[in-house]
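In case you want the letters, here they are:
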Amino acid sequence: MHLKISHTTEYHYDEPVQYALQRLRLTPLTQVGQTVLGWETLVDGAAIEVNYDDHFGNRVHLVSIDGDRETIHITASGEVHTEDRAGVFGPHQSYVPLWLFARETPLTKAGKLIRELAKSAEGDTALARMHALMETIHEAVTYKPGETHAETAAEDALESGQGVCQDHAHILIAAARSLDLPARYISGYLMMEGHPEQTASHAWAEVHLNGLGWVGFDAANKICPDDRYVRIASGLCYRDAAPISGLIHGEAKETLKVSVTVEQQQQSQSQSQNQSQARGQSQNQSQ
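Residues numbered from 1 in each chain as written. Predicted model: local features only at pLDDT ≥ 70, side-chain atom pairs only at ≥ 80, totals over all residues. Heavy atoms only, no water.

1. Some remarks on the nonpolar core
The following threshold applies: Joining through side-chain atoms within 4.5 Å is the link that ties buried Ala, Val, Leu, Ile, Met, Phe, Trp, Tyr and Cys residues into a set, and such a set is a nonpolar core. For every residue, the accessible area (1.4 Å probe, protein chains only) is compared with the maximum for its type, and the residue is labelled buried under 20%, exposed over 50%, or partly exposed between those bounds. Contacts: residue pairs with any heavy atoms within 4.5 Å of one another.
Counting residues in hydrophobic clusters, the biggest one holds 65 residues, and the most contacted among them are Leu-172, Tyr-189, Val-207 and Phe-217. Contacts of Val-207, omitting those with residues within four sequence positions, involve Met-130, Leu-172, Ala-176, Leu-181, Pro-182, Ala-183, Gly-213, Trp-214, Val-215 and Phe-217.

2. Section: the pattern of salt bridges
Rule in force here: The term salt bridge refers to a side-chain nitrogen of Lys or Arg lying within 4 Å of a carboxyl oxygen of Asp or Glu. The helix and strand labels rest on DSSP assignments: H or I over at least four residues marks a helix, E over at least two residues marks a strand, and numbering proceeds from the N terminus.
By the definition in use, this model includes 8 salt bridges. Between Arg-25 and Asp-54 there is a salt bridge, with its nearest N and O atoms 3.9 Å apart. Placement of Arg-25 in strand 1 (residues 2-27) and of Asp-54 in the loop between strand 3 (47-53) and strand 4 (59-82) is noted, with a sequence separation of 29 residues between them. Using a relative accessible area of 15% as the deciding quantity, one classes Asp-54 as buried. When the shortest N-O distance is used, the salt bridge between Arg-239 and Glu-151 registers 2.5 Å. A residue pair is termed long-range when its members are at least 10 positions apart, and Arg-239 in helix 5 (residues 238-241) and Glu-151 in the loop between strand 6 (142-143) and helix 3 (154-160) qualify at 88 residues.

3. Some points on unusual backbone geometry
Look at Ala-86: it is not a glycine, yet its phi comes out positive at around 55°. With respect to the helices and strands, the residue Ala-86 is situated in the loop between strand 4 and strand 5 (88-90). For Asp-180, which is not glycine, the phi dihedral falls at a positive 65°. If you trace the backbone, Asp-180 turns up in the loop between helix 4 (165-178) and strand 8 (183-190).

Structural data, given as structure tokens:
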């Protein structure tokens, strides 16, 4: 599938900010299941100091403000070709060892409710149990924006029974780790039929299963990621893969406005040939 994506973030402060530093994780990479055809990140009101790949392999732009500013405008946009792999990302290939993804974080610490939820998942295989767990979490936690926030822990979200995709992902990650399965948080984009304009990016979980490697589970939508999904960043939890994070110096109050558009594009024959060549080059580089 050929997806066109635009992600705009605008920060407005009620008084001039003298200094701020932000990390942007807004750049998808060509990898298993997706080929980036073109991508750019533009920043107005701040300066991109450097870009680098962090220890999880996420592409990061470090942005700073040095001087009085009241508004920062960030736009990340481009086009990505995706493939439906039924959620299977494949073998673990990273500088970060696989065992690290079994470690709890404050946002993914399994309490009594999550441990009970994990034990209740039925199935003859770990894959079947993860599918059952995904469906159970989907039913247990109603999607309702505004009831949780970026620092809501998985156990608290499960107890409240309400949350957003970040909470669904954290609960599944915590439950999988309680069953001794490595799990990680994925941030990215999802094309929603009939809803190209959205108010936020998306998030889901991946669990490492013997014989398959990393497999994605989107409990918010009760489905394994397909060609409507684009991966941006990964980590132990939201804090490692947040689209934008950072700090400001001073006491200015911040207002945030986010707009995301994800839509399918029709492909010309030349575009299709270019994509085939790009995928071939990517495969050759990985061999």
